[in-house]
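Below, each chain spelled out in residue letters.
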Amino acid sequence: MQVVISPTKEDATELAAKIIADRIRNFPDSTLGLATGVTMERLYDVLVRMHKQEGLDFSLVRTFNLDEYIGLLPENKHSYRYYMNERLFKRINIDIRNTFLPNGMAQDLKLECQKYEKKIKDVGGIDLQLLGIGKAGHIGFNEPLSALRSRTRDKSLTPVTIAQNSPLFDKPEDMPKRALTMGIGTILEAKQLLMLVTGRSKAEILSKAVEGPITSMISASAIQLHEHCVVVVDEDAAECLQGKDYYHWIFQNEPEWEKYR
Ligand code: F6R
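First, a word on what this report is: a plain description of the structure on this page. (Residues numbered from 1 in each chain as written. Predicted model: local features only at pLDDT ≥ 70, side-chain atom pairs only at ≥ 80, totals over all residues. Heavy atoms only, no water.)

## Here's the deal with the overall build of the protein chain
- Helices and strands together make up the secondary structure of the protein chain, namely eight helices and eleven strands.
- Radius of gyration (C-alpha) of the protein chain: 17 Å, near the 18 Å computed for a compact globule of 261 residues.
- For the C-alpha atoms alone, the extent of the protein chain along its principal axes is close to 55 × 40 × 35 Å.
- Out of the 261 residues belonging to the protein chain, those deemed buried represent 55%.
- Contacts spanning at least 24 positions in sequence make up 78% of the contacts within the protein chain whose residues lie at least 6 apart.
- Carbon and sulfur atoms make up 51% of the accessible area of the protein chain, which totals about 11900 Å².
- Side-chain charges in the protein chain split into 34 positive and 36 negative, and the spacing between the mean points of these groups amounts to 4 Å. (Helix = DSSP H or I, 4+ residues; strand = E, 2+ residues; numbered from the N terminus. Rg over C-alpha atoms; globule rule 2.2 N^0.38 Å. Buried < 20%, exposed > 50% of the residue type's maximum accessible area, 1.4 Å probe, protein only. Contact = heavy atoms within 4.5 Å. Areas by Shrake-Rupley, 256 points an atom, 1.4 Å probe, with all protein chains shown as cover. Lys, Arg positive; Asp, Glu negative; His and termini not counted. Charge placed at Lys NZ, Arg CZ, Asp CG, Glu CD.)

## As for the pattern of salt bridges
- Evaluation of the coordinates by the stated rule reveals 16 salt bridges.
- Measuring nitrogen to oxygen at the nearest pair gives 3.7 Å for the salt bridge that ties Asp127 to Arg23. In this pair, Asp127 is assigned in the loop between α4 (109-122) and β6 (128-131) and Arg23 in helix α1 (residues 9-26), connecting sequence segments 104 residues apart.
- Glu189 serves as the salt-bridge partner of Arg151, at 2.9 Å between the closest nitrogen and oxygen. Remark: Glu189 occurs in the loop between α6 (184-188) and β9 (192-197) and Arg151 occurs in the loop between β6 and β7 (153-156); sequence separation between them is 38 residues.
- In this structure, a network of salt bridges that share partners links the residues Arg23, Asp127 and Lys191. (Salt bridge = Lys/Arg side-chain N within 4 Å of Asp/Glu carboxyl O.)

## Describing the sheet that holds strand β5 (residues 99-100)
- Spatially, β5-β3-β2-β6-β9-β10-β1-β11 is the arrangement adopted by the eight strands of the open sheet, whose pairing is parallel. Looking at strand neighbours, the two that pair on one side only are β5 and β11 (247-248), the edges of this open sheet.
- The pairing of strand β1 (residues 2-6) with β11 spans two bridges and is parallel. For Val4, the partnering residue across the bridge sits in β11 and is Tyr247.
- Along the sheet face, helix α2 (residues 38-54) touches β2 (31-34), β6 and β9 and points at about 130° away from the line of β6. (Pairing = 2+ DSSP bridges. Axes fitted to C-alpha atoms, helices over the stretch in contact; angles between N-to-C directions.)

## Regarding the site of the ligand
- Thr36, Thr39, Asp67, His138 and Lys202 are the nearest of the 14 residues found near the ligand.
- Here an oxygen atom of the ligand and a side-chain polar atom of Gln164 are 3.1 Å apart.
- Lys202 is positioned such that a nitrogen or oxygen atom in its side chain is 2.7 Å from an oxygen atom of the ligand.
- Protein contact buries 95% of the 410 Å² of open area that the ligand shows by itself.
- The residue makeup of the shell around the ligand, split by class, is four nonpolar, eight polar and two charged. (Near = heavy atom within 4 Å. Polar contact = N/O pair within 3.5 Å; in protein donor to acceptor, adjacent residues only side chain to side chain. Nonpolar A, V, L, I, M, F, W, Y, C, P; charged D, E, K, R; others polar.)

## What to know about the environment of Val3
- Here Val3 is to be found in strand β1.
- Judged by its relative accessible area of 5%, Val3 falls in the buried class.
- Taking the C-alpha atoms as reference points, Val3 and Val232, separated by 229 residues in sequence, lie 6.0 Å from one another.
- Residues within four places of Val3 in sequence aside, it is in contact with Val210, Val231, Val233, Leu241, Tyr246 and Tyr247.

## Some thoughts on the side chain of Thr31
- Structurally, the position occupied by Thr31 is in strand β2.
- Engagement of the side chain of Thr31 in a polar contact is seen with the side chain of Arg62, the distance being 3.0 Å.
- In contact with Thr31, other than residues within four places in its own chain, are Arg62, Phe64, Val123, Gly125, Ile126, Asp127 and Leu128.

## Here's the deal with the pairing of β7
- Only one face of β7 is buried, namely the one carrying Arg153 and Lys155, since none of Asp154 and Ser156 on the opposite face is buried.
- Taken together, the four bridges between β7 and strand β8 (residues 178-181) define a ladder with antiparallel strand orientation. Bridging from a neighbouring strand, Asp154 pairs with Leu180 of β8.

Structure follows, in structure tokens:
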């Protein structure tokens, strides 16, 4: 795992966007795994800017999102389909038919999850999976006690996640308490993982995920098992990290990372 510490959340976000843009420029028909949440809002703004100003071309890109709430229509402004359409898909030249999220309105949720897994397999898997981390240590909505080999399925959300996300709803009590989410096993099958974490409020959980034991109580710790995983963080989020060998964006000078400047 490579950890890159950037001075500010803006620098960290730019770097993460450049890693994604690099992938798309080198492999225009890439399959991206996407995430939602407050952290990713900034990232999608940067990708939109790169599309508009630098001609970053999404026309052949395919996307699979990590998760979706159960019971929200795509038109509901709190659904992740709505979030993705408004924050990214409508603002770039992606073919909307190539964008996939689990359908949280499906009659048969189990079947929907199986179909989602099959769709990912049928296109040859995810090339680059973007991840955030929740205060409960989740990736996607893999709440504590998610099996490390889990597949796409429905999960009950824990009080920590409900406290994190419900303020984003007009009426906090309307936040669904269940969601469909790719499993940890699904996520680990992506060819590359890119985690973006910013802010002091994530510092403790980030250090547990990156430096603590691998445990189903902190599903993000499973990324330690992946052989091609980059974790991009700002200094606030890095505050509790102990490791001495992480790459510091401001004062180091390694060709692997310098190319992104
Ligand atoms: C959402 C997702 C979640 C978020 C995490 C962080 O699709 O995958 O794991 O990445 O909850 O969310 P923010 O950025 O809002 O703190």
